[in-house]
Amino acid sequence: EAEGAQLNANTTASKAMYASASQHLAGGVSSSYQLRDPWPIYIDRGHQQTIIDVDGNEYIDFHNGYGSMVQGHANPAIGEAVAARFPLGTHFGMATEDSSIVASELAERWGLAKWRFTNSGSESTMDAIRIARAYTGRDTIMKIFGSYHGHHDAVMVSIGVEYDKIGPREHPASLAYGGGIPQAIVDLTIPVHFNDAETMEKRIVELEAEGRKPACVIMEAVMMNLGVVLPEPGYLEAVREITRKHGIVLIFDEVKTGLTIAAGGATERFGVKPDLVTLAKALGGGLPAGAVGGTEEVMRVVEDHTVYQVGTYSGNPLSMAAARASLEKVLVPSAYEHLNHLNERLLAGCQNVIDKYGLPGYSVGIGAKGCVTFSPTKIIDYPSFKENQDVELSELAWLWNMNRGIYMTPGREEEWTLSVTHQDADVDRYIEVFDEMAAAITK
Ligand code: PLP
């Protein structure tokens, strides 16, 4: 279908900005994930659930800054907190009271006693892994094949891999994601597949026998970079049991799930408690903030100075003021009721369309997050995703949405994130646009 060929909104100002930005901003953007074909769209402003690009095109935002803006754009509660903090000074390289208040709120929500702040998800997972390594005295780590945990060397492993390079199910390949990552670091990261606790335990036993027992398993409780892949019943409980039995630190990377799927993230939603949790994205409500939380026992390596958990901007006063306002005034219980209501409506509406037109796919989601997965069979892990995802249909759906004012993440593997400012009319519009696409392709 010709519709699928390219963006047809008037994006000439973005095109011109791309040309001029590319002169000194490498590739015209500040993160390679901001690139899109044929050129990136430059955003001018956002208000609540709406964003407007430099050409004046208006979109309903289902991208929400990779899931960071669950509070909606320019949320007044966060704006007021930031505005009140600014005249008092924005950075001292010393703690402010807000960081203590945010830490106690997170401790309450996650049931984990001790917290430290960072500036991003990558810093949080890097620190969590270091804490786990120091706590156990081991170098090897285990991760889920295909999961993204940020851009530091230890976790830029076994993601975005072609189907024929995944390797055998029992021993999937450790592969660097892009250049500049030392092989010696890659070799320390052992991937296993999601939703397969049995093979995880077998691999752990093998590694133990080789004297390479992992310090930690780092994972998302819900895989969020293959659309949305939910844990099968009993899987998280089994992983908890296995890691406890073998003395391995369990890290839930809740950079995406934290504060979006429930007040206390996946930890609350599934009732399985890890030893360490990492947060970022929605924590700062649009300002850079990340966190590592953990049990008294594991976090002791930070408190006794075995691990230097440090950072000039960590616990930055503006970020902490924003996080405090977000937790106290925005991401309160009623927010999750609203998000759950919207997502149920959106997921059910999309599933109706799929059933009505007999599309190969299904809708899936949790909390503020969801997607339509175009696959004739259920995706449970990375191999099933690579084998079955209908790439053409996923690409078409992305373009179809973008061309009709539904803003999606650049990555076709990403899910939508709703915000507290979305309304029924916004999700109904999404369903309507999806229905039009389904009608057009099945005509
Ligand atoms: N962990 C997960 C699960 C993520 O999805 C991401 C980013 O998408 C990160 C970590 C890294 O976060 P950041 O981009 O803030 O460094």
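Residues numbered from 1 in each chain as written. Predicted model: local features only at pLDDT ≥ 70, side-chain atom pairs only at ≥ 80, totals over all residues.

**Student:** How do you make sense of the overall build of the protein when you look at a structure like this?
**Tutor:** If you tally the helices and strands in the protein, you get 15 helices and 14 strands. Scaling as 2.2 N^0.38, a compact globule of 443 residues should have a C-alpha radius of gyration of about 22 Å, and the protein matches this with 22 Å. Within the protein, the proportion of its 443 residues that are buried is 50%. (Helix = DSSP H or I, 4+ residues; strand = E, 2+ residues; numbered from the N terminus. Rg over C-alpha atoms; globule rule 2.2 N^0.38 Å. Buried ≥ 20, exposed ≤ 12 C-beta atoms within 10 Å, placed from the backbone.)

**Student:** Could you clarify how one ought to interpret the sheet that holds strand β7 (residues 216-219) in this entry?
**Tutor:** Strand pairs in the sheet, formed through backbone hydrogen bonds, run parallel or antiparallel to each other. Strand order in the open sheet formed by seven strands is β4-β10-β9-β8-β7-β5-β6, and the pairing between neighbours is mixed. One side of each edge strand has no neighbouring strand; the edge strands of this open sheet are β4 (114-118) and β6 (189-192). Strand after strand, the sheet turns through a mean of 20° between neighbouring axes, direction not considered. Looking at chain direction, strand β9 (residues 276-279) and strand β10 (residues 290-294) are connected through four bridges and run antiparallel. When the bridges of β10 are listed, Leu279 appears paired with Ala291. (Pairing = 2+ DSSP bridges. Axes fitted to C-alpha atoms, helices over the stretch in contact; angles between N-to-C directions.)

**Student:** In this structure, what is going on with the pairing of strand β12 (residues 369-373)? I would like to understand it.
**Tutor:** For a regular strand, the rule is simple: side chains alternate between the two faces of the sheet. Counting buried residues along β12, five of its five residues qualify, which places the element largely inside the surrounding structure. Burial along β12 is two-sided: the residues Lys369, Cys371 and Thr373 and Gly370 and Val372 are all buried. In terms of strand pairing, strand β11 (residues 362-366) meets β12 through five bridges, oriented antiparallel. Bridging across to β12, Ser363 finds its partner in Val372. Here β11 hands over to β12 after two residues, with Gly367 in that stretch at a positive phi of 60°. As paired strands, β12 and strand β14 (residues 416-417) are joined by two bridges and run antiparallel to one another. Among the inter-strand pairings, Gly370 is bridged to a residue of β14, identified as Trp416.

**Student:** Please clarify how the nonpolar core should be interpreted in this entry.
**Tutor:** In globular proteins that are soluble, nonpolar side chains generally tend to be buried together. In this structure, Ala132, Cys216, Val217, Val222, Val249, Ile251 and Leu276 are the most contacted members of the largest nonpolar core, which totals 122 residues. Sort the elements by how many residues they give to this core and helix α11 (residues 317-330) lands first, with eight residues. Domain assignment of the residues forming this core places at least three in each of domain 1 (2-70 + 332-442) and domain 2 (76-330). Among residues more than four places away in sequence, those in contact with Val217 are Met142, Val239, Thr243, Ile248, Leu250 and Ile251. (Core = buried A, V, L, I, M, F, W, Y, C linked by C-beta atoms within 7 Å. Domains from an automatic or database assignment. Contact = placed C-beta atoms within 7 Å.)

**Student:** Any chance you could explain the environment of Asp304 here in plain terms?
**Tutor:** Looking at the secondary structure, you find Asp304 in the loop between α10 (296-303) and α11. Each C-alpha atom, one on Asp304 and one on Val255, is 26 Å from the other, the two residues being 49 residues apart in sequence.

**Student:** What is the right way to read the packing of helix α7 (residues 197-209) against helix α8 (residues 235-245) from this model?
**Tutor:** For any two helices packed against each other, the geometry is given by the interaxial angle and the distance between the axes. Running from N to C, α7 and α8 cross one another at 15°; their axes reach a closest spacing of 9 Å. On the basis of their axis angle, the class for α7 and α8 is roughly parallel. For the pair α7 and α8, the sense of crossing is right-handed. Along its contact with α7, which presents Ala197, Met200, Glu201 and Ile204, the element α8 presents Tyr235, Ala238, Val239 and Ile242. Split into classes, the residues belonging to the contact of α7 with α8 amount to seven nonpolar, no polar and one charged. (Parallel < 35°, antiparallel > 145°, perpendicular 65-115°, else oblique. Left-handed = near helix turned anticlockwise from the far one by under 90°. Nonpolar A, V, L, I, M, F, W, Y, C, P; charged D, E, K, R; others polar.)

**Student:** Is there a simple way to think about the domain arrangement of the protein in this case?
**Tutor:** Accessible area lost upon the coming together of the parts serves often as the stated size of an interface. Annotation of the protein at the domain level lists domain 1 (2-70 + 332-442) and domain 2 (76-330). Taken over C-alpha atoms, the centre of domain 1 sits 25 Å from the centre of domain 2. With 32 residues of domain 1 at the contact, the number on the domain 2 side is 27 residues. Counting residues per element, the ones that place at least two in the side of domain 1 that touches domain 2 are α2 (64-67), α12 (333-357), β11, β12 and α13 (382-388). For the side of domain 1 that touches domain 2, the leading source of residues is α13, giving five residues. Split by residue class, the side of domain 1 that touches domain 2 holds 17 nonpolar, eight polar and seven charged.

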